Amino acid sequence: MVELTRAFSFSLKPTPPYNFELTVRKPAGWDLFTPFEIYQDGVLSTALHVGDMLVGLRLSSMGTADRPEVRAKLFTERELEPTQKRLAKQSVSRMLGAEDDLAEFYAVARRDPILRHTLEDLSGMHDTYSDGVFGPALLAICLQMAPLKRSEAMMRSIIEIYGEVAEFDGKRVSVWPLPKRMAALEPVELARTCRLGYRAKRIVELANFLVDRGFPDMGELAKLPPEDAKRRLMELPGIGDYSADIINPRSGFPIDVWSVDVFGKLFYGREPKNARAAVERVKAEGVRRWGEWSWMAFFYIAQDLRNLSKKLGVRLRLQ
DNA sequence: GCGTCCAGGTCTACC
DNA sequence: GGTAGACCTGGACGC
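Reading guide: rules and limits
- Residues numbered from 1 in each chain as written.
- Chains lettered and ligands numbered in written order.
- Predicted model: local features only at pLDDT ≥ 70, side-chain atom pairs only at ≥ 80, totals over all residues.
- Heavy atoms only, no water.
- Helix = DSSP H or I, 4+ residues; strand = E, 2+ residues; numbered from the N terminus.
- Rg over C-alpha atoms; globule rule 2.2 N^0.38 Å.
- Buried < 20%, exposed > 50% of the residue type's maximum accessible area, 1.4 Å probe, protein only.
- Areas by Shrake-Rupley, 256 points an atom, 1.4 Å probe, with all protein chains shown as cover.
- Near = heavy atom within 4 Å.
- Polar contact = N/O pair within 3.5 Å; in protein donor to acceptor, adjacent residues only side chain to side chain.
- Nonpolar A, V, L, I, M, F, W, Y, C, P; charged D, E, K, R; others polar.
- Contact = heavy atoms within 4.5 Å.
- Salt bridge = Lys/Arg side-chain N within 4 Å of Asp/Glu carboxyl O.
- Disulfide = S-S within 2.5 Å.
- Pairing = 2+ DSSP bridges.
- Phe/Tyr/Trp six-rings, centres within 6.5 Å; stacked < 30°, edge-to-face > 60°.

Focus on the overall build of chain A
Link 1 in the chain: Scanning chain A from N- to C-terminus turns up 16 helices and eight strands.
Link 2 in the chain: A globule of 319 residues ought to have a C-alpha radius of gyration of about 20 Å, and chain A, at 19 Å, matches this closely.
Link 3 in the chain: Principal-axis analysis of the C-alpha atoms gives chain A an extent of 55 × 50 × 35 Å.
Link 4 in the chain: When each of the 319 residues of chain A is scored for burial, the buried share is 52%.
Link 5 in the chain: Counting every atom, chain A has about 15200 Å² of accessible surface; 48% of that belongs to carbon and sulfur.

Details of the protein's contact with DNA strand C
Link 1 in the chain: In the vicinity of DNA strand C, the contacting residues are M145, R150, R195, G197, Y198 and R199.
Link 2 in the chain: Counting only atoms of DNA strand C within 4 Å of the protein, the sugar-phosphate share comes to 70%.
Link 3 in the chain: One of the side-chain nitrogen or oxygen atoms of R195 is found 2.9 Å away from a phosphate oxygen of DNA strand C.
Link 4 in the chain: Residue classes in the surface near DNA strand C are distributed as two nonpolar, one polar and three charged.

Side note on the side chain of S259
Link 1 in the chain: Secondary-structure assignment places S259 in helix α13 (residues 259-268).
Link 2 in the chain: Of the polar contacts made by the side chain of S259, one reaches the backbone oxygen of P254; its length is 3.4 Å.
Link 3 in the chain: Look past the residues within four positions of S259 in its chain and what remains in contact with it is P254, G264 and F298.

Focus on the pattern of salt bridges
Link 1 in the chain: This structure, assessed with the given rule, holds 18 salt bridges.
Link 2 in the chain: For D131, the salt bridge identified is with R94, shortest N-O distance 3.1 Å. Highlighted residues: D131 in the loop between α4 (115-122) and α5 (134-143) and R94 in helix α2 (residues 82-95), separated in sequence by 37 residues. Each of the two residues, D131 as well as R94, counts as buried.

Quick look at the state of the cysteines
Link 1 in the chain: Applying the stated criterion across every chain yields a total of zero disulfides.
Link 2 in the chain: Between C142, a cysteine without a disulfide, and C194, which holds the nearest cysteine sulfur, the sulfur-to-sulfur distance is 8.3 Å.
Link 3 in the chain: On the accessibility criterion, C194 (1% relative accessible area) is buried.

Some words on unusual backbone geometry
Link 1 in the chain: Of note, the bond from P16 into P17 is cis; its omega dihedral lies within 30 degrees of zero at -5°.
Link 2 in the chain: The phi torsion at D41 lies on the positive side, around 50°, for a residue other than glycine.
Link 3 in the chain: In this structure, R195 is a non-glycine residue whose phi angle is positive, near 50°.
Link 4 in the chain: Here R195 is to be found in the loop between α8 (187-194) and α9 (199-213).
Link 5 in the chain: A relative accessible area of 62% means that R195 is categorised as exposed.

Details of the protein's contact with DNA strand B
Link 1 in the chain: Taken together, 22 residues are adjacent to DNA strand B, and L148, G238, G240, S243 and R317 come closest.
Link 2 in the chain: What you see for DNA strand B is that sugar and phosphate hold 56% of its atoms within 4 Å of the protein.
Link 3 in the chain: Within the backbone of L148, a nitrogen or oxygen atom sits 3.4 Å from a phosphate oxygen of DNA strand B.
Link 4 in the chain: Contacts to DNA strand B include S243, whose side-chain N or O atom sits 2.8 Å from a phosphate oxygen.
Link 5 in the chain: If you tally residues by element for the surface near DNA strand B, the top one is helix α12 (residues 241-247), at three residues.
Link 6 in the chain: Residue composition of the surface near DNA strand B, grouped by class: twelve nonpolar, five polar and five charged.

A look at the sheet that holds strand β1 (residues 2-3)
Link 1 in the chain: Taken together, the three strands give an open sheet; going across it, the order is β1-β7-β8, and neighbouring strands pair in mixed fashion. The strands lining the two open edges of the sheet, one partner per strand, are β1 and β8 (171-175).
Link 2 in the chain: Here β1 pairs with strand β7 (residues 164-168) via two bridges, running parallel. Residue E3 lies in a different strand from β7, and its bridge partner there is E167.

Some details on the packing of aromatic side chains
Link 1 in the chain: What the rule picks out here adds up to 18 aromatic pairs.
Link 2 in the chain: Ring geometry for F8 versus F10: centroids 5.5 Å apart, planes at 35°, classification tilted. As far as burial versus exposure is concerned, F8 and F10 are alike and both buried.
Link 3 in the chain: Ring geometry for F105 and W293: centres 5.8 Å apart, planes at 40°, overall tilted. Pair noted here: F105 is in helix α3 (residues 103-110) and W293 is in the loop between α14 (275-290) and α15 (294-302), with a separation of 188 residues, a long-range link.

Below you can see the structure in the form of structure tokens.
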């Protein structure tokens, strides 16, 4: 456990519309940074690594979706220099999607027969990002070839056994481990302790790749053309087309055997008979329809399945 | 209770 | 360059 006793506060003025609650607590249950974060009375207590530094974060909203203001208190083990504080504030702003302008996507969505329904429910929901690729990559690997329940169990085990616990503001929050911690493990041990099966070997190889060769963080990846960022991500051990689409910031259309049913039904009115065989076809149709906004379309639809089922009169498989 | 199937993919050997 | 087959595990399902 790491006690984070130093703190500084700041506020962010995100680009409106910005709905704080929808952004930090996604309707489909996607975590902001860790499954162990705590949301109570409009306040999110979470923790993460910024670079190699463990930080705690207390987030709340002081504004509205149209005039947003996010109050943040950042906790660290040691006092930060002014420059470090400025960089940390920039990182938090980027990770919360505070600088992303939704206007162009919303213009596309309002004209789209499927997406327009999601705007009624999710207006102001921004996509969020982690700092490094290791956490999202672990998530993607745990999602491979497993029911969601089992994927969640694997992720929780990794964090509980090998992650760090941040203690700050009277709370304890467990976070994803850093690559250097996982690189030192024996795959057999990791597989046994976290019930990871063949994924353990891939995770250790991935950790060693990141430690030995380095890799751009999410901010650097976001500056690359999306196809270049995806190519870089697919160089990582255990990361293929689907996983790269999950990790790639602001890009991708990650169709798998679950989402192929959902989007098959939305596009063609029925679930494909052979889900695996239909992945490429459904993915191509999504990219054809939504182009550069494919990821945002996927993101908004995935968060709104229950409402879309009612509004469109189709039965969509929930997550 | 037991056997079989398959799930929010990726990698490798083989052609 | 394309593709079948292997890969951990555990819940669901049929019998």
